[in-house]
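# Examining the three-dimensional arrangement
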Amino acid sequence: MTVQRDSARPTTKTSRLARITDLLTARSVRSQVELAALLAADGVQVNQGTLSRDLVELGVVRVRGADGALIYAVPVEGGGRHVHSGVSQEILDARLAKLCNELLVTAESSGNIVILRTPPGAANFLALAIDHSVMPSILGTIAGDDTVMLVSRDPAGGAAVAERFLGLAQEPQGPVEPS
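Since we're looking at a predicted model, the values are computed, not measured.

The next subject is the sheet that holds strand β6 (residues 138-143). By definition, the strands of a sheet pair up through backbone hydrogen bonds, in either a parallel or an antiparallel sense. Across the sheet, four strands lie side by side as β4-β5-β7-β6; this open sheet has antiparallel pairing. Sheet topology places β4 (106-110) and β6 at the edges, where each strand pairs with a single neighbour. Within this sheet the neighbouring strands show an average axis-to-axis angle of 20°, counted without direction. Pairing of β6 with strand β7 (residues 147-152), which is carried by five bridges, proceeds in the antiparallel orientation. Following the sheet pairing, T141 is matched in β7 by L150. Set on the sheet, helix α6 (residues 158-170) makes contact with β4, β5 (113-117), β6 and β7; between it and β4 the angle comes to about 170°.

Below is the structure:
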């Protein structure tokens, strides 16, 4: 249920989702409690369950902010691979390297197709990190339970992409990032 003080803004789910997006792109928000408080300050009352479902529907992810803290970020509209937040590309690349180091079991290619294997249940997590990184050589990902399929832009570029992921998995890692 939503209640709004601003009569120019309707009390609909669409309006609430737009306000969440606005808040997450304008500032670093670290928790659902903090986001609920910001919404309440705007006159939007929402319970934790609804807020959680809203974040999933918006495709919100948690990434490292400029200060190193985990913050919520909203993917750009139109299926882009960037997220709206104060997160730098370096941070996203470091996160992808860390995930590859922890989750990548194998990387193989055929033509412009790359198959990444992960432990059971980890493929979607790795695919999401790949989607949010900016790798111009990749058209997109499809994930199953333990397999991620990538499609390279270059018709013969799969081998180079597979090698890049194997290289990311070998990079030395810094301090462990809390989940």
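Here the narrative resumes.
For S137, the position within the fold is in the loop between α5 (123-132) and β6. In this structure S137 comes out as partly exposed when scored by relative accessible area, which is 33%. Sequence separation between S137 and R153 is 16 residues; the distance between their C-alpha atoms is 5.4 Å. What S137 contacts, discounting residues up to four positions off in sequence, is V151, S152, R153 and V161.

Next up on the list: the confidence of the model for the chain. Confidence in the prediction of the chain, expressed as mean pLDDT, is 81, and 80% of residues score 70 or more. Segment residues 1-7: pLDDT under 50, and 22 contacts once partners within four positions in sequence are set aside and those in other chains are kept. Contacts of residues 77-82 to residues separated by more than four positions or lying in other chains number 14 contacts, the stretch itself having pLDDT below 50.

What counts and what doesn't
- Residues numbered from 1 in each chain as written.
- Predicted model: local features only at pLDDT ≥ 70, side-chain atom pairs only at ≥ 80, totals over all residues.
- Heavy atoms only, no water.
- Pairing = 2+ DSSP bridges.
- Helix = DSSP H or I, 4+ residues; strand = E, 2+ residues; numbered from the N terminus.
- Axes fitted to C-alpha atoms, helices over the stretch in contact; angles between N-to-C directions.
- Contact = heavy atoms within 4.5 Å.
- Buried < 20%, exposed > 50% of the residue type's maximum accessible area, 1.4 Å probe, protein only.
- pLDDT = per-residue confidence, 0-100.

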